[in-house]
Each structure stands twice: as C-alpha cells, then as structure tokens.
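Observations on chain architecture
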Amino acid sequence: MIEVHDLTKRYGDQTAVDGLTFTVKPGIVTGFLGPNGAGKSTTMRMILGLDRPTAGTATVNGRPYEDHPDPLHQAGALLDAKAVHTGRSAYQHLHALAATTGIPKSRVDEVIDVVGLHQVARKRVGGFSLGMGQRLGIASALLGDPDVVILDEPTNGLDPEGVLWIRNLMRDLASQGRTVFVSSHLMSEMALTAEHLIVIGKGRMIADTSVSGFIETAANESVRVRSPHANALHDLITGPGTTVLSVDRGLFEVTGMTAEDIGDRAAAAGIPIHELTVVRPSLEEAFMELTKDAVEYQSTLIGEAR
Amino acid sequence: MTTATVAAAPRTIRPRKRVNQARVIKSEWIKFWSLRSTVITMLVAVLLLVGFGLLASSMFGDGSDPGGPPGSEPTDVVGASLTGTNFAMLAFGTLGVLLMAGEYSTGMIRSSVAAVPKRLPVLWAKIAVFTAVVFTVALAGAAIVFTAGQAMIGDGGASWSDPGVARAVIGTAVVLTGSGLLGIGLGALMRSTPGAITTLFGVMFLLSGIAALLIPDSWSDVVQYLPSNAAGAFTAVAQGDNDLAPWAGLSVFLGYVVALIGAAAWQLKRSDV
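Looking at an unreviewed UniProt entry, chain B carries the name ABC transporter permease, with the source organism given as Glycomyces luteolus.

The name given to chain A in an unreviewed UniProt entry is ATP-binding cassette domain-containing protein, with Glycomyces luteolus as the source organism. Per UniProt, chain A carries the Sequence similarities (unreviewed entry) text "Belongs to the ABC transporter superfamily."

Right under this line is the structure:
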C-alpha cells in the first residue's frame, strides 16, 4: 500500500506537485494519469525517496520507503528506462542491485527470463533498444518480489506484443495481492488495465475514483434519437432536467433522460423511432474533458491560435 | 487494505534479507569490475606509473630530460623511479570521477538509491572498494617500478632499507589512492564527468604553479598546503626548503580528501537524484 499525504514539491517558484493526498490500495491496478508535466514522475520519485518533498509525506507499506531495512522487497520500480549504466550488461546490472539485499543469482536469472531478455542479458545495455531497456527496468522492478510495484509509463517504446505482456503482467501482479501503481498519459491504456484512477493536472488532484466513476463524473451519458417525426418527438421529450440538442434533420442528442424512457414515451405516442443509441463518452474524451484546464503544453490548430 | 492483505502477497524469495554495509560493498564490487572503462583506466594508470618510472630510471644521470611535467624532474634516485606518479595521479583521479559521476550521467544513481535509499552506504561502499583495489594495484605498481628502476640505475641506486624509501614507495600508493578519492568526491559534488575531471586536474596540477606565480612572497607559505604540494612532501625522500614535513604533508592531503568526501556525503544525503 502507498499512502501519500499533502505531498508537495517546489523547484524555485515552480510547483511541480501541489498538496497531493491519496492512497494506493493492494490487490488492484491503480492508474496514475495526467497530461505531460502534470507531476506524475516527480510524485513517484518522492514515494521512492529519490526526490525530497518540499512538504508532506509518502509511505510505502506503512513507513517511509527509506526506513525499510529491505527496500527492494517492499517496492520495485520502473522509473525510467535510463536508470542503468550503459556500459554494464543487463545481467551485471541486476546482479549488482540484487547483491545489496542478498537476493540470490537464481532470482536474477528468473527475472531475466520473465521479461524475455535471456538472449541479450550478457550484452552491454548501451546497445539496447527502448523496448529492451524498458524490459530491463521491469526486471529490476520485479527483482525483490516486492509487495508494491511502481511503473512509470511502462508501455513506452514497447511493441504491441510487449504492451499486451505488460497489461497481463500488471493484472497478474495485482491478483497476487500486490499494490500496482502505474502512470500513463493515455487514458485508453489505463481503461484496459486499471480498476482505480488517480488523475492529476499541474500537480493538483483532479480525480481519485474508480474507472467507471471517472467516466460518469467526467462527461454525461447521452442518447441519440432519430425519428421521421422530429417535431412531435422533440415536444415529447423536452422538459426540466433534459437537454435536447438537434444534431441533424430528425436527429437529436438527449441528455438527462434514459433510452428506455424515450422509447417508452415515443411508443405510447405512436411516434416511430429509427435509431435509439446510448452514447458513452470514450475514456479518452472523458479524460480530456477533465484535464483540459490542466494541460501544461496546450496545442492549438493553426489559424485558431490568433 | 489491512496489513493482512499486504502480507498475503506471495513471497517467492525467502527469507527476505536486509540491506547492510557488507552487501552494499559486494554490490559496488560487482559494479566496479563489470565496467570495461574502469578496468581500462586502471590499467592505463599502472602503465603510466611503471612506464614513466622505468623511462626516467633508464635516463637517470645521463643528463637527458625524462619528459615529466615541468618541475617534476627527478633530483634523486627514488624520485626518478617514481616519476610516473604525477601521470598515474591523473588516471586514478579520472577513475574515481568515472566511478561516481558515471552514476549520475547514466542515471544509474536512481537505481542505486532505490536499492539503498539510505544513500550513504553506497558512497562508503564505493570508497571501500576503490581504496582496496586501487591501493593494492598502486602499491604493487610502485614497488615494481621502484625495484626495477633501482636495478636499472645500478650503482648509486637506493634500497628498501634506506631512510625514507619505504615511506616514499608506500606513500606513492597512498597519494594515488587519495587522488582517486578526491575524484570520487568531486564526481559526487559536480555530478558531471568532464567538470569533475577538469577541476581535479586544475587543482592537482595547475593550482600549485599558478599560486607560486600569483601569491606574494610573504604569503608563499600557503603554497605548501596545496593538495599536490602536501602530497609531494609525503612521497619525497628528501623534502625541499618550502615543503611540509612528510607526516604533516600526509595529514594536510588526507584532510582535503576527508573534507571533500564529507561534502559529497552531505550533498548525496540531501539532494534529489
């Protein structure tokens, strides 16, 4: 379990992380979302004691990470694929890390096999592709068989097979009762693996919610109705609490009324319905809706930027 | 969400062992020997120490310039065989810088600190491994080049039992190890390989000459306290008029090493990696 309380990091007058408080529970995958520059990596580094917080606390399994006598067994992390000396082989890198806490060489071989690097394990890391570096980072995260796994953008640079492998790995780790905390700036990726979401923007908390809860709060569900008797239908469904938006001739988008309700009313009034579709916003849309005010580097269309 | 749930995680590694200084030293030992650049730099250092020593010894007394940096022309037989010390100092200093600054430039420091979040054991272990390896290698190199050098000089060559000789040879290994430790300290403070190497070279080689030029005569006592001069006082068989006494020289030199390592430790403990 990870507990973060009022965590703040300032660099000069820039506030990278601004009073974050949240808990990451064991047994599920928790997604950590936010646009680029939102403070995700900084938060993760503070949890692991790599960056010193300006204020606030972060604990792993009940105490600050650095107070654990067996840190690699408490939490394993993929922070960025570059946290490796490029002149060393993957095997020696893992062997050196393992030695700090008496992890046997057999475990080093085991994690190399798990991430599929056995063919290149004796080669210098400098020649690794982004994806291979990422796999090495995951191997070092798993080295101590930790209760908490922290992964910063694990799918970066991986091919589709690798992305699928990471997804399954994260679910397996969570189903074994571990705490899995994974950052991403892609909502769609999180939708496939995470059960719980922590969304931040500009260092501040935006949402701490389940995935389904997130979609509900982010954007309302709407119903698309098509009918040849548009006017009659319009009168039928207009009322307090409902918004009817005319999209096209004979086509409305209705919010505030269920599809069942609309269908029943139309049937009762004898109005034919050609289409009745529940429109759920995609996760990506929901995410963008929520974080639109917190995007650090906003892009604009040419011509719109005047 | 209770601790019982956390404990339910399968643990294939049993028992879970703690991090201690001995294990971190083992880790640093693996790191030291698994980098090609480390091993090559060390070999170069030994070659410089032995090579220049033999060259100077072979030319000793025939009036030719052995090619050392200005001011280092040997005036005694022991000094001749240890001419390479200055060059080896650069190489061992570079080795120290590479060992520490390399962690920062490659990002390895984040893996190292995640494994040992108390941080300081990593620095102590690096120093322990470096001191053990470099002192052994440097002492062997100094002993070999002294023995071979004196044999080449033949008549008039010094022997181990002559006064000050053992101190000069062992002192050479001490000073070479010390320069490497200065490199480790600078590497940790500056976090940049080129920056730390440049600083180390400047302090060990240029500072003494510049100080001699710029400092007024009444202040000239200051020069003997510079790291390179203090180190030289310890490794010379006979000290010049402006040198510290040998053991005072050693104390001053080690004082610089301790101060720099102390600053490095303080910086490592408090800053972000």
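A few points about the overall build of chain B
Within chain B one finds 11 helices and zero strands. Listed by position from the N terminus, the elements making up chain B come as α-α-α-α-α-α-α-α-α-α-α. Across the 273 residues in chain B, those meeting the buried criterion constitute 46%.

Concerning the interface of chain B and chain A
The partner chain A presents 45 residues to the 38 residues of chain B that form the contact. For the side of chain B that touches chain A, the secondary-structure elements that each account for two or more residues are helix 1 (3–7), helix 2 (21–33), helix 3 (36–59), helix 5 (85–106) and helix 6 (108–115) of chain B.

Notes on the sheet that holds strand 1 (residues 2–11) of chain A
All names here are of chain A. Reading across the sheet, the three strands line up as 2-1-4 and stay open at both edges, with antiparallel pairing between neighbours. Only two strands of the sheet have a single partner each, and these edge strands are strand 2 (14–24) and strand 4 (55–60). Recorded for the sheet is a direction-independent mean angle of 20 degrees between the axes of neighbouring strands. Running over the sheet, helix 1 (residues 40–47) touches strand 1, strand 2 and strand 4 and is turned about 120 degrees from strand 1.

Here we look at the pairing of strand 8 (residues 196–201) of chain A
Residues and elements named next belong to chain A. Most of strand 8 is tucked away, with six of its six residues classed as buried. Residues His196, Ile198 and Ile200 point to one face of strand 8 and Leu197, Val199 and Gly201 to the other, with burial holding for every one of them. Taken together, the four bridges between strand 3 (residues 29–33) and strand 8 define a ladder with parallel strand orientation. Directly across from Leu33, in strand 8, lies its bridge partner Val199. The sheet contact formed by strand 8 and strand 9 (residues 204–210) spans six bridges and is antiparallel. Opposite Ile198, over in strand 9, you have Asp208 as the bridge partner.

Description of the packing of helix 7 (residues 120–153) of chain B against helix 11 (residues 246–270) of chain B
Residues and elements named next belong to chain B. Where helix 7 meets helix 11, the axes come as close as 9 Å, and the angle between the chain directions of the two elements is 150 degrees. Considering only the axes of helix 7 and helix 11, their crossing is right-handed. For the pair helix 7 and helix 11, the contacting residues are Leu120, Leu123 and Ile127 in the first and Ile261, Ala264, Ala265, Leu268 and Lys269 in the second. Considered class by class, the residues forming the contact of helix 7 with helix 11 number seven nonpolar, no polar and one charged.

Some words on the pairing of strand 2 of chain A
Residues and elements named next belong to chain A. In this sheet, strand 2 lies alongside strand 1 in antiparallel orientation, the contact comprising seven bridges. Looking at strand 2, one finds that Ile2 is bridged to Val24. Where strand 1 folds back on strand 2, the antiparallel hairpin that results is connected by two residues, among which Gly12 adopts a positive phi of roughly 60 degrees.

What counts and what doesn't
Residues numbered from 1 in each chain as written. Chains lettered and ligands numbered in written order. Predicted model: local features only at pLDDT ≥ 70, side-chain atom pairs only at ≥ 80, totals over all residues. UniProt positions renumbered as here; feature names shortened; annotations may be inferred. Helix = DSSP H or I, 4+ residues; strand = E, 2+ residues; numbered from the N terminus. Buried ≥ 20, exposed ≤ 12 C-beta atoms within 10 Å, placed from the backbone. Contact = placed C-beta atoms within 7 Å. Pairing = 2+ DSSP bridges. Axes fitted to C-alpha atoms, helices over the stretch in contact; angles between N-to-C directions. Left-handed = near helix turned anticlockwise from the far one by under 90°. Nonpolar A, V, L, I, M, F, W, Y, C, P; charged D, E, K, R; others polar.

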